Amino acid sequence: MRLYSTNNPESFVEFGEAVLRSLPADNGLYMPEHIAQLDDTFWNDWKGLSFQDMAFRIVSALLHDAIPEDVLEEIVDDALNFPAPIVALDEHRHVLELFHGPTLAFKDFGARFMARVMAWLTRNDKQTLTVLVATSGDTGGAVASAFHNVEGTRVVILYPSGKVSGLQEKQLTALGGNITALEINGSFDDCQRMVKAAFLDPKTSKRCNLTSANSINISRLIPQMLYYFEAARISNKPLTFVIPSGNFGNLTALLLATRMGLKVNHIIAATNVNDVVPEYLRTGDYNPRPSVATLSNAMDVGAPSNFARMQEVFGNDWESMASMISGFPVSDSQTRAAIRTVYEKYGYVIDPHGAVGYLAAEAWLKEHPKDLTVILETAHPAKFSETIAEELGHGVLDVPERLGCLAHKEKVSIPMAASADELIDWLVLKTNF
Ligand SMILES: *Cc1c(COP(=O)(O)O)cnc(C)c1O
């Protein structure tokens with residue numbers, strides 16, 4: 001499998017290089033040169049397969065021979081060891097629960113697959129692979145959990161001191177083992193700047209065998225295709241997928257799935273007030289801008305990093321993108337009201353991100369009442385227990401064991417000034433050559 005950069009369709013890299021580099025040097029995004037169509041054998045069998053067996057067939061068709069089949073099968077089985085169940089609210093409204101992984105958000109699918117692929121790619125390296133990641137909250141937790149105890153790897157997470165929630169901080173700092181949390185006296189932007197400086201310093205990057213677990217890594221998108229296939233098995237009718245979106249990785253993954261042959265009726269890009277993409281779909285004008293803080297904070301993105309990939313899929317043609325995808329922005333007060341409505345009407349506790357999706361589905365169903373909508377529930381509501389308690393009172397939430405027990409674990413972090421030089425010195429000091 002070869003990939004090209006969206007900024008230079010003439011130059012190609014192999015899959016392994018795209019995964020370990022994450023970003024092409026020309027600042028584009030890696031895209032597969034050729035997206036395999038699933039064949040009749042697959043479509044004859046797909047409804048009878050287990051989630052993992054189906055997943056393996058899809059990924060192996062896409063990756064072709066980039067990873068030997070027996071290895072890939074093990075990676076898929078091990079990474080996707082939790083389900084993606086679909087819950088019917090009623091005949092036209094379904095919720096695809098993507099929060100059954102270890103950190104209770106859909107990012108576990110991508111991060112767990114990426115960790116295992118990276119470990120395999122570097123299996124013959126004598127030196128430990130160091131995954132360097134800056135986080136404003138959720139991504140760091142998913143990446144830390146995904147790499148925890150993966151042989152030949154260590155993770156160094158930078159997070160802004162005092163600027164992530166208590167539970168999020170525990171997800172970063174309580175694992176121990178091959179996970180180290182650096183608590184930066186600065187902002188998320190400082191953390192990102194420091195990480196970038198370490199990568200750009202060729203000596204450090206090479207000596208410490210650095211790689212990035214950035215969300216635009218192609219190996220994080222690939223497993224995100226799989227739950228769309230899983231959901232589509234509930235009906236013979238093509239579904240309308242409603243995707244609460246921030247960087248649009250989830251939505252891009254669905255576009256790749258459609259290129260492999262998955263039939264969908266329509267796609268809804270549900271956002272909070274950070275509505276750069278809905279605006280583009282409506283007007284054809286793309287105006288990235290600084291993000292605004294909202295209740296659905298994992299979607300507070302003003303310049304979605306996968307937008308270039310979406311454009312690539314549609315050959316930079318606004319009309320064809322707008323005919324397949326509709327955008328729908330939602331305010332915080334609407335989000336709060338939707339959390340109450342979903343609970344009152346269906347007895348279902350939905351998180352603020354899923355609530356944004358619910359409202360977008362309602363808007364769509366008003367005009368297309370016969371459609372079957374599937375709303376992606378991207379995080380477990382217990383991760384947003386304060387908002388849920390404000391709208392629904394206490395006692396409606398089941399807090400999963402793996403979240404509840406974090407509260408009692410000890411936080412271990414290394415304080416550091418917001419200085420790239422300090423990070424580089426520390427990395428070199430802590431690396432065994
Ligand atoms: C990351 C995230 C999103 C946004 O997903 P994108 O792929 O960036 O569009 C939505 N909801 C939750 C809970 C997330 O963590």
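Everything below is about the structure shown above.
Presented here is an overview of the structure given in this document. It should be emphasised that the depicted structure is a prediction, and the values quoted were computed from it without experimental measurement. (Residues numbered from 1 in each chain as written. Predicted model: local features only at pLDDT ≥ 70, side-chain atom pairs only at ≥ 80, totals over all residues. Heavy atoms only, no water.)

### What about the site of the ligand?
Piece 1. What surrounds the ligand is a group of 15 residues, the closest being Lys107, Gly246, Asn247, Phe248 and Thr378.
Piece 2. One nitrogen or oxygen atom from the side chain of Lys107 is found 2.5 Å from an oxygen atom belonging to the ligand.
Piece 3. Thr378 places a side-chain nitrogen or oxygen 2.8 Å from a nitrogen atom of the ligand.
Piece 4. Relative to its unbound accessible area of 390 Å², the ligand is 96% covered by the protein chains.
Piece 5. Of the residues assigned to the shell around the ligand, the class counts are six nonpolar, seven polar and two charged. (Near = heavy atom within 4 Å. Polar contact = N/O pair within 3.5 Å; in protein donor to acceptor, adjacent residues only side chain to side chain. Areas by Shrake-Rupley, 256 points an atom, 1.4 Å probe, with all protein chains shown as cover. Nonpolar A, V, L, I, M, F, W, Y, C, P; charged D, E, K, R; others polar.)

### Points about the pairing of strand β8 (residues 179-185)
Piece 1. In terms of residue burial, β8 counts as a mostly covered element, since five of its seven residues are buried.
Piece 2. One ladder, built from six bridges, connects strand β7 (residues 153-160) with β8; its direction is parallel. Bridge pairing links Tyr159 to Glu183 in β8.
Piece 3. By the bridge criterion, four bridges tie β8 to strand β14 (residues 414-417) in an arrangement that is parallel. When the bridges of β14 are listed, Glu183 appears paired with Pro415. (Buried < 20%, exposed > 50% of the residue type's maximum accessible area, 1.4 Å probe, protein only. Helix = DSSP H or I, 4+ residues; strand = E, 2+ residues; numbered from the N terminus. Pairing = 2+ DSSP bridges.)

### With respect to unusual backbone geometry
Piece 1. Phi at Ser22 is positive, roughly 70°, even though this residue is not glycine.
Piece 2. On the secondary structure map, Ser22 appears in the loop between α1 (15-21) and β3 (30-32).

### Observations regarding the nonpolar core
Piece 1. By size, the foremost hydrophobic cluster in this structure holds 94 residues, and its most contacted members are Phe15, Met225, Phe229, Phe241 and Ile325.
Piece 2. Dropping the residues within four chain positions of it, Phe15 is found in contact with Met1, Leu3, Leu63, Ala66, Ile67, Val117, Ile218 and Ile222.
Piece 3. If you look at the next biggest cluster of nonpolar residues, it comprises 23 residues, including Ile339, Ile350, Ala355 and Trp364. (Core = buried A, V, L, I, M, F, W, Y, C linked by side-chain atoms within 4.5 Å. Contact = heavy atoms within 4.5 Å.)

### So, the packing of aromatic side chains
Piece 1. A complete count under the given rule lists twelve aromatic pairs for this structure.
Piece 2. For the pair Trp43 and Trp46, a centre-to-centre distance of 5.0 Å together with 80° between the ring planes defines the contact as edge-to-face.
Piece 3. Judged by its relative accessible area of 10%, Trp46 is buried.
Piece 4. Consider the rings of Tyr280 and Tyr286, whose centres lie 6.1 Å apart with planes at 90°: the pair is edge-to-face.
Piece 5. Put simply, the rings of Phe82, Phe109, Tyr227, Tyr228 and Phe241 touch in pairs and so form one group of aromatic residues.
Piece 6. Residue placement shows Arg2 over the ring face of Phe12; its charged tip is 4.0 Å from the ring centre.
Piece 7. Positioned over the ring face of Phe314 is Arg259, at 5.6 Å from the centre of the ring. (Phe/Tyr/Trp six-rings, centres within 6.5 Å; stacked < 30°, edge-to-face > 60°. Lys NZ or Arg CZ within 6 Å of the ring centre and 35° of its normal.)

### Quick notes on the sheet that holds strand β2 (residues 8-14)
Piece 1. Ordered in space as β2-β1-β3, the three strands form an open sheet in which the pairing is antiparallel. What marks the edges here is a single partner per strand, and that holds for β2 and β3. Strand after strand, the sheet turns through a mean of 40° between neighbouring axes, direction not considered.
Piece 2. The sheet contact formed by strand β1 (residues 2-5) and β2 spans four bridges and is antiparallel. Across the sheet, the residue bridging to Leu3 is Val13, located in β2. (Axes fitted to C-alpha atoms, helices over the stretch in contact; angles between N-to-C directions.)

### Side note on the pattern of salt bridges
Piece 1. Applying the stated criterion across every chain, the model contains 15 salt bridges.
Piece 2. For the salt bridge of Glu279 with Arg289, the shortest nitrogen-to-oxygen distance reads 3.3 Å. Of the two residues, Glu279 sits in helix α13 (residues 276-283) while Arg289 sits in the loop between α13 and α14 (307-313), which places them ten residues apart along the sequence.
Piece 3. With a relative accessible area of 33%, Arg289 lands in the partly exposed category.
Piece 4. Connected through shared salt-bridge partners, Arg336, Arg340, Glu390 and Glu391 make up one network. (Salt bridge = Lys/Arg side-chain N within 4 Å of Asp/Glu carboxyl O.)

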